[in-house]
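# Summary of structural features
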Amino acid sequence: MAHRTVRSGYMSLAERLNRFPQGAPPSELWYSILKMLFSEEEAGLVARLPIRPFTAAKAAGIWKTTEGKARAVLDRLADRAVLLDCENEDGVPEYVLPPPMAGFLEFSLMRVRGDVDQKVLSELLYQYLNVEDDFIKALFTQGETQLGRVFVNEDALEPETALHVLDYDRASAVIRSAKHIGIGLCYCRHKMSHVGRACDRPLDICMTFGTTASSLVSHGFARAADAAETIDLLDKAREFHLVQFGENVRQDVAFICNCCGCCCEAMIAARRFGFMHPVHTTGFLPRIKDDLCTGCGKCVKACPVGAMVLDQRDSERQPAFRKARLAADACLGCGVCVRVCPKGAVHLSARPERIFTPVNSVHRIVMMAVERGKLQNLIFDNRAMWSHRMMAAVMAAILKLPPVQLLMAKRQLKSRYLETLVLSWSKR
């Protein structure tokens, strides 16, 4: 099968991965990372796989080989968590190539393994994700719809406010409703440990759910857990003032990370590019009661994105004293500041505007694709066919229409009508 790859398999794979709505801009550093996770033959083969889930028979047709040989390759890739596998409703095994993030880059460090030099991989990832800007900007700052959102710290809500929080905004409700739960190492802190920058927060605390968890558990990249243990881990994460950052959907959330401000890419992006709204916030904002605030600075120290600051104020009675102030534009609404305030001077209240959350991953991916001009990659998925390449080019041209027309399309995607269509399609 390798002889069918005319140019570098890694170049082809990089191009294929950049067709995801999130994007993964190619570079020499990116090729070095891919070389650690794929052989060149594997890269060339994976580059020809569709974005949507597929069977071994489908892959065999694309690769011009037998179904048995295709399945052997796919299973080998799933064993390394660069593919995910599951059964569809008819009990037929299906595979899917996850995006780089949240996807196979995280999975590569969700357990300690000997088949990959994780120190070298971590150093490359640190340079690509934390030093260079292109990938993080593509992942977090393009379009209005982002990959992830923050879950509110339920313990930080006052009882009357908590009554109005919907289940999909509660990490505890996601955990209790999940059919499968997997717990793995925190990719971000594991990576940082190899470059000498890790903090002391817990490692064994990364949560995956549903078919993602089922695949990762079956291949040893996560361990199975029940809801009770996972709720205990959620409580532990909150004791360490970690932020719950998960998939930006209402239904079938695939992951919840427990993020620190120093190691985790989402929090770092929120600090670096906050004005571009790289992370969807909760529906809440902290309010500070000036008469109770003593200016101790604990909320400032705990905030993972620097949204809490101390103002120096003067008065006749107190010539120099400090009060906490919220930088609302940077705030995630996580509620960490509420938990750490010793005087009860901070509480959460509803934001004035509604926070829109896509129905499920299909809805989110389509919205992201439209906003990033990549819808053609989802509709015309099989690039092996000339007609699909031609139609993909036509769709790309349509997406370059004036902003007003694209804005109308995005409004339709956020409409109740489309939500109803997505829900009915998902039940088929």
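These notes cover the structure that comes with them. Computed from a prediction, not measured in an experiment: that's the story for all the values here.

### Side note on the overall build of the chain
Along its length, the chain carries 21 helices and twelve strands. Looking at the 428 residues of the chain, the share that counts as buried comes to 53%. The long-range share in the chain, meaning contacts at least 24 apart out of those at least 6 apart in sequence, stands at 70%. For the chain, the accessible surface area stands at approximately 19700 Å², while carbon and sulfur atoms represent 54% of it.

### Some remarks on the environment of F273
Along the chain, F273 falls in the loop between α14 (265-272) and β9 (284-288). Taking C-alpha positions, F273 is 9.6 Å from I136, a pair spaced 137 residues apart along the chain. In contact with F273, other than residues within four places in its own chain, are D133, I136, K137, T141 and P278.

### Comments concerning the state of the cysteines
Under the criterion given, the structure shown has zero disulfides. Between C188, a cysteine without a disulfide, and C264, which holds the nearest cysteine sulfur, the sulfur-to-sulfur distance is 4.1 Å. Free cysteine C199: the closest other cysteine sulfur is in C262, separated by 3.6 Å.

### Let's talk about the packing of aromatic side chains
Taken as a whole and judged by the stated rule, the model has six aromatic pairs. Between the aromatic rings of W30 and F135, the centroid separation amounts to 6.1 Å while the plane-to-plane angle is 40 degrees, which identifies the pairing as tilted. Of this pair, W30 sits in helix α2 (residues 28-37) while F135 sits in helix α8 (residues 134-140), placing them 105 residues apart in sequence. When its relative accessible area of 0% is taken as the criterion, W30 is described as buried.

### With respect to the side chain of S108
Mapped onto the fold, S108 is located in the loop between α6 (100-107) and α7 (118-131). Of the residues examined, S108 reaches a relative accessible area of 2% and is grouped as buried. Setting aside anything within four residues of it in sequence, one finds S108 in contact with L37, R113, Q118 and L121.

### Looking at the sheet that holds strand β8 (residues 255-259)
As summarised here, the arrangement of the six strands in space is β3-β7-β8-β5-β4-β6, forming an open sheet in which the pairing is antiparallel. Every other strand in the sheet has two partners, leaving β3 (148-151) and β6 (223-224) as the edge strands with one partner each. When strand β4 (residues 181-185) meets β6, the two strands line up antiparallel, connected through two bridges. By the bridge assignment for β6, G182 is matched with A224.

### Describing helix α12 (residues 210-218)
Inspection of α12 places T212, A213, S215 and L216 among the buried residues, and these make up the whole buried set. The buried residues of α12 occupy an angular sector of 165 degrees when projected down its axis, which confines them to one face. Among the exposed residues of α12, those pointing more than 90 degrees away from its buried face are T211 and S218. Elements that come into contact with the buried residues of α12 comprise β1 (84-87), α6, β4 and β5 (204-209). In the segment just after α12, G220 is the residue with positive phi, at about 80 degrees.

### So, the nonpolar core
Formed by 127 residues in total, the largest nonpolar core has its most connected members in W30, F38 and F104. Discounting chain neighbours no more than four positions away, the residues touching F104 are L17, W30, L34, L37, F38, A81, V82, L97, P98 and P99.

### What about the side chain of Q118?
Mapped onto the elements, Q118 comes out in helix α7. Its relative accessible area of 7% is what places Q118 among the buried residues. A polar atom in the side chain of Q118 sits 3.1 Å from the backbone oxygen of S108. Other than its neighbours up to four places away in sequence, Q118 contacts S108, L109, R111, V112, R113, H190 and H194.

### Quick look at the pattern of salt bridges
Between side chains of opposite charge, pairing is possible as soon as their charged atoms come close. Under the counting rule described, the total for this entry stands at 16 salt bridges. E123 is the partner of K119 in a salt bridge, and the nearest nitrogen-oxygen pair spans 3.1 Å. Within this pair, K119 and its partner E123 are both found in helix α7, separated by four residues, close to a single helical turn. Across the pair D204 and R223 runs a salt bridge whose closest N-O atoms are separated by 3.2 Å. In this pair, D204 is assigned in strand β5 and R223 in strand β6, connecting sequence segments 19 residues apart. Judged by its relative accessible area of 34%, D204 falls in the partly exposed class. The exposure class assigned to R223 is partly exposed, which follows from its relative accessible area of 31%. One salt-bridge network, held together by shared partners, links E42, R76 and R80.

So, how was this worked out
Residues numbered from 1 in each chain as written. Predicted model: local features only at pLDDT ≥ 70, side-chain atom pairs only at ≥ 80, totals over all residues. Heavy atoms only, no water. Helix = DSSP H or I, 4+ residues; strand = E, 2+ residues; numbered from the N terminus. Buried < 20%, exposed > 50% of the residue type's maximum accessible area, 1.4 Å probe, protein only. Contact = heavy atoms within 4.5 Å. Areas by Shrake-Rupley, 256 points an atom, 1.4 Å probe, with all protein chains shown as cover. Disulfide = S-S within 2.5 Å. Phe/Tyr/Trp six-rings, centres within 6.5 Å; stacked < 30°, edge-to-face > 60°. Pairing = 2+ DSSP bridges. Arc of directions from axis to C-beta. Core = buried A, V, L, I, M, F, W, Y, C linked by side-chain atoms within 4.5 Å. Polar contact = N/O pair within 3.5 Å; in protein donor to acceptor, adjacent residues only side chain to side chain. Salt bridge = Lys/Arg side-chain N within 4 Å of Asp/Glu carboxyl O.

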